[in-house]
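Commentary on secondary and tertiary structure
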Amino acid sequence: MDSYEERESSPMFRDCPRFEELKDKISSELFEVNGRVSTLRQFTESLSRFLDNSDIDVNANVVQNINKKALTNIEVVNELLKNVNEDVKEIDNIEDSELDKPQIIARDKLIRDSRFSIQESQTAQQQFSKIIKSINAEARGKLNEEQNWTALLQEDEESHQTNNDNTAQRQVNFVIEREPINNEEFAYQQRLIQERDEEITNIERGITELNGIFKDLGAVITHQGMMVDNIEANIYSAVENTAGASQELNKANRMQKRSSSPNDFTEYKITRRHDIDNCHYLIELTPLKRQNVNLWKELERNILWSIEVKQPEIMVVRNYTPLPLQLKSNGNIVPLDLNDPVESKKLLFYIKSYNNGEVARWIKSLPVGSTLELRGPFIDYKFRNDLSKHHRDANGSTLINKTQLSNVPFFAGGTGIVTALQPILNPYGQFNYNMTLFHSCKSIQELGCLYHLVNGLAQQNKITYHLFETSKGDNIIDFKQLIPGPNTSNAGNLDTSIVCGPEGYITTVAGAKYDTSQGPIEGLLGEKGWDNSNVYKMD
């Protein structure tokens, strides 16, 4: 087995300035793309409301203004995604030997994020185009109606020129209620409709171009050889640094080369579900086909990881963090049976169904026995377990045992608690940290049986647990005296703080997370002296 000195002689971090430049550039571009796609959706929703309420005529100027802004938005997004495509190709051409493992993982994540952003942009543009088509159809119908009405009115006027004054008065009143459209207004409305038709054609042409970029990025992922086609194969790239992983990685690459697509999903069946309340539920998934690889054993306790779940109806994926637990018929949870080849491969998820959470709501609607498509695992964070056991003395030469474990203040908002529980509950491997769990939620009722589990872990001194219930007026800001600062008493210290939860929660605790980049450490942790070297944000 290699010594500590041998491991030290092999650099853990490699200097590749161009990679860092490209990574930051792509992250920035994707951040702007995602923001503009969100804005485009808001434009589409506004137009949809006008259409549903038959307010297109009343809000004609507003509709036209929204349309112009949306078109500018789409043009900018498409140009950004073209730049992303070129930047991804360039970052892909950087040799693996020039990068360290975190950089390779970051590169793969950027490519996945890029493809996801393109999919989201395509969907948003298709929805906008559909609304504009509906608006044009309604406008065209009303314009034809106005034209027919004007023609009839003119004909009526001509046929009643000799009528008496009463008839003329009725006619005048009738015209006042609905004035005929003049030729200038008619031509203007026709021109607007024609322009929108041309704009729709341009949008659809842009969507086709985005589809080409999407395929290009698919080819890049294939070239990477890191994102294999299913959970069992992909595990090997996730554990490259463990003993014997190079052989397994080669095996995974061979499997990928024989595969028709690097993006295939693995089918799991919903074997149990327990609704905690109207929003929160537990769901147990079991692989349909026998899995030779036990994810829990391979990834061990020092790795935080998640799985992608696909919603096939809208072609969207979302990441969820599994727990190594079984769900019983009465709604209770128990540890996995590690000796059972099927039971030991189960995944348990704790999910909240949001109003705008397409995937979570869709999963909740599925009956037990339904099939879900999963892909992964994806490493979200890896604790430095190898360095938490040993460090050098002041002279930098002698290996000594580290008697004091490093600390992990873990801040979890809502369902983010499962990410904190994952390394604690995993029965495989070592977790050489003292975890203090700061958990904020509306009330303990939304946790269901998970609350008893967490409370039990605290009673067994496996974690220190602080619960903040917003329904009772609790606010973590009011308890910031409980938050420790990082221990900087010796160079071997590896105190690490993890923040996992909704966007607003992350911002309060550690400052805003900028999409695919971490952003500066601010908020409560920033006040305590934590920085980017020892804080990691997960949304």
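Just so it is clear, the structure is predicted and the values come from calculations on it, not from any experiment. (Residues numbered from 1 in each chain as written. Predicted model: local features only at pLDDT ≥ 70, side-chain atom pairs only at ≥ 80, totals over all residues. Heavy atoms only, no water.)

**Section: helix 10 (residues 358-365)**
Note the following rule: Using a 1.4 Å probe on the protein chains alone, a residue whose accessible area is under 20% of its type maximum counts as buried, one over 50% counts as exposed, and one in between counts as partly exposed. For helices the rule is a DSSP run of H or I covering at least 4 residues; for strands it is a run of E covering at least 2, with both sets numbered from the N terminus onward. This arc is taken over the directions from the axis of the helix to the C-beta atoms. Contact between two residues is taken to exist if any of their heavy atoms lie within 4.5 Å; hydrogens are not considered.
Among all positions in helix 10, only V359, A360, W362 and I363 are buried. Projected onto a plane normal to the axis of helix 10, the buried residues spread over an arc of 165° and lie on a single side. Where helix 10 is buried, its residues meet strand 1 (266-275), strand 2 (280-287), strand 3 (303-311), strand 4 (316-320), strand 7 (347-352) and strand 8 (371-382).

**Focus: the UniProt feature "binding site: FAD" (unreviewed entry) in the chain**
As a reminder of what qualifies: UniProt positions are given in the numbering used here, feature names are shortened, and annotations may be inferred rather than shown by experiment.
In the numbering used here, UniProt assigns the "binding site: FAD" (unreviewed entry) feature to R318, Y320, K352 and V359. Taken along the chain, the residues just named run across 42 residues; in space they keep tight, none of their C-alpha pairs more than 12.6 Å apart. Here R318 is to be found in strand 4. For R318, a relative accessible area of 26% corresponds to the partly exposed category. For R318, the contacting residues outside a window of four places in its chain are F116, E120, I307, E308, V309, E358 and V359.

**Considering the sheet that holds strand 13 (residues 464-469)**
To keep it simple, the criterion reads: Strands pair, by our definition, only if DSSP identifies at least two bridges between them. Axis lines are fitted through C-alpha atoms, for helices just across the contact stretch, and the angle between N-to-C directions can take any value from 0 to 180 degrees.
Taken in spatial order, the five strands make up an open sheet running 13-12-11-14-15, and their pairing is parallel. The open sheet terminates on both sides in strands that have one partner only, identified here as strand 13 and strand 15 (535-538). Ignoring strand direction, the axes of neighbouring strands in this sheet form an average angle of 15°. In this structure, strand 12 (residues 433-441) lies alongside strand 13, joined through six bridges in parallel fashion. Paired with F438 across the bridge in strand 13 is H466. Helix 14 (residues 503-510) contacts strand 11 (406-413), strand 12, strand 14 (497-500) and strand 15 of the sheet and is inclined by roughly 150° relative to strand 14.

**Thoughts on the packing of helix 12 (residues 417-425) against helix 13 (residues 449-459)**
Rules: Orientation categories follow fixed angle ranges, with anything under 35 degrees roughly parallel, anything over 145 roughly antiparallel, 65 to 115 roughly perpendicular, and all other angles oblique. By convention, the crossing between two helices is left-handed when the near helix turns anticlockwise from the far helix through less than a right angle, and right-handed when the turn is clockwise. Think of it as three bins: nonpolar holds Ala, Val, Leu, Ile, Met, Phe, Trp, Tyr, Cys and Pro, charged holds Asp, Glu, Lys and Arg, and polar takes everything else, Gly as well.
Contact geometry of helix 12 with helix 13 gives a least axis separation of 12 Å together with a crossing angle of 50°. By the criterion of interaxial angle, the relationship of helix 12 to helix 13 is oblique. Crossing hand, helix 12 versus helix 13: left-handed. On helix 13, the residues that touch I417, L421, I424 and L425 of helix 12 are L453, V454 and L457. Residues belonging to the contact of helix 12 with helix 13 are distributed by class as follows: seven nonpolar, no polar and no charged.

**Things to note about the packing of aromatic side chains**
Stated precisely, the cut-off is as follows: Ring pairs shown here join Phe, Tyr and Trp side chains whose ring centres sit within 6.5 Å, with only the six-membered ring taken for Trp; geometry is labelled stacked below 30 degrees between planes, edge-to-face above 60, and tilted in between.
Under the definition given, this model contains six aromatic pairs. With a centroid separation of 4.6 Å and 10° between ring planes, the pair formed by F411 and F438 is classed as stacked. Separated by 27 residues along the polypeptide, F411 in strand 11 and F438 in strand 12 bring together distant segments of the chain. Of the residues examined, F411 reaches a relative accessible area of 0% and is grouped as buried. Owing to a relative accessible area of 0%, F438 belongs among the buried residues under this scheme.

**Side note on the sheet that holds strand 1**
Spatial ordering of the open sheet is given by 4-3-8-1-2-7, a layout of six strands whose pairing is antiparallel. The sheet is open, and its two borders are formed by strand 4 and strand 7, each paired with just one other strand. The average undirected angle you get between the axes of adjacent strands in this sheet is 40°. Pairing analysis gives four bridges linking strand 1 to strand 8, with the strands arranged antiparallel. If you follow E267 over to strand 8, its bridge partner there is E373.

**Remarks on the pattern of salt bridges**
Quick reminder of the rule: Salt-bridge detection follows one rule: a side-chain nitrogen of Lys or Arg within 4 Å of a carboxyl oxygen of Asp or Glu.
Enumeration according to the criterion identifies 18 salt bridges in this entry. Residue E284 pairs with K346 through a salt bridge whose shortest N-O separation is 3.1 Å. Taken together, the positions of E284 in strand 2 and K346 in the loop between strand 6 (333-335) and strand 7 put the pair 62 residues apart, joining distant regions of the chain. K346 matches E284 in its accessibility class, with the two residues each being buried. A single network of salt bridges, built from pairs that share partners, joins R18, E21 and E90.

**Some points on the UniProt feature "coiled-coil region" (unreviewed entry) in the chain**
Under the local residue numbering, the UniProt record ascribes the feature "coiled-coil region" (unreviewed entry) to residues 67-97. Note that residues 67-97 is 84% helix and 0% strand, and that its end C-alpha atoms are spaced 48 Å apart.

**Focus on the pairing of strand 1**
Bridge count for strand 1 against strand 2 is seven bridges, and the pairing is antiparallel. The residue bridging R272 from the neighbouring strand is E284, located in strand 2. Counted between consecutive antiparallel strands, the loop separating strand 1 from strand 2 contains four residues.

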